[in-house]
Amino acid sequence: MRAPTVGLSRPLLIAAANGHLPCVSALLKAGAPVDDENKYGASALLAAAANGHHYVVKSLLEANADSRIRDKEGRSALWLAAKAALNQGIAQRSAQAGSAGHLRYVSS
């Protein structure tokens, strides 16, 4: 018999957003609904993808998370993951440039 799922969807979304794979696994095992969405239409899968937590994304997909879910702005997990990867790459290049001035603010 599975544990009641009432109240487990928010902790799952928070754990996924923060990349805490052990918590995600425990919550899924306890019966957390993998595809529940918050008021913005974000699911645990979308939250993990948006924050670049690919191991959590893999775990949620293995738990049959629906990869077709989109948030209220129409963004898919794939779109959010691509944006997270791009942002991470920009941050790394910025850190590498350091004070060399390769990246600088240009006013418009």
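Refer to the preceding data block for the structure.
Residues numbered from 1 in each chain as written. Predicted model: local features only at pLDDT ≥ 70, side-chain atom pairs only at ≥ 80, totals over all residues. Heavy atoms only, no water.

Novice: Hey, could you run me through the packing of helix α2 (residues 21-29) against helix α4 (residues 54-62) in this one?
Specialist: To describe two helices that pack against each other, one gives the angle between their axes and the distance between the axes. One way to put it is that α2 packs onto α4 with a least axis distance of 10 Å and a crossing angle of 15°. It follows from the interaxial angle that α2 and α4 lie roughly parallel. In the packing of α2 onto α4, the handedness of the crossing is right-handed. Residues Leu21, Val24, Ser25 and Leu28 of α2 pack against Tyr55, Val56, Ser59 and Leu60 of α4. Grouping the amino acids of the contact of α2 with α4 by side-chain chemistry returns six nonpolar, two polar and no charged. (Axes fitted to C-alpha atoms, helices over the stretch in contact; angles between N-to-C directions. Helix = DSSP H or I, 4+ residues; strand = E, 2+ residues; numbered from the N terminus. Parallel < 35°, antiparallel > 145°, perpendicular 65-115°, else oblique. Left-handed = near helix turned anticlockwise from the far one by under 90°. Contact = heavy atoms within 4.5 Å. Nonpolar A, V, L, I, M, F, W, Y, C, P; charged D, E, K, R; others polar.)

Novice: Got a minute to help me understand the pattern of salt bridges in this structure?
Specialist: Pairs can form between side chains of opposite charge whenever their charged atoms are close. Taken as a whole, this structure holds four salt bridges when the rule is applied. Arg68 is the partner of Asp66 in a salt bridge, and the nearest nitrogen-oxygen pair spans 3.0 Å. Given a relative accessible area of 22%, Asp66 falls into the partly exposed group. In this structure, the salt-bridge partner of Arg75 is Asp71, at a minimum N-O distance of 2.8 Å. In this structure Asp71 comes out as buried when scored by relative accessible area, which is 9%. A single network of salt bridges, built from pairs that share partners, joins Asp71, Glu73 and Arg75. (Salt bridge = Lys/Arg side-chain N within 4 Å of Asp/Glu carboxyl O. Buried < 20%, exposed > 50% of the residue type's maximum accessible area, 1.4 Å probe, protein only.)

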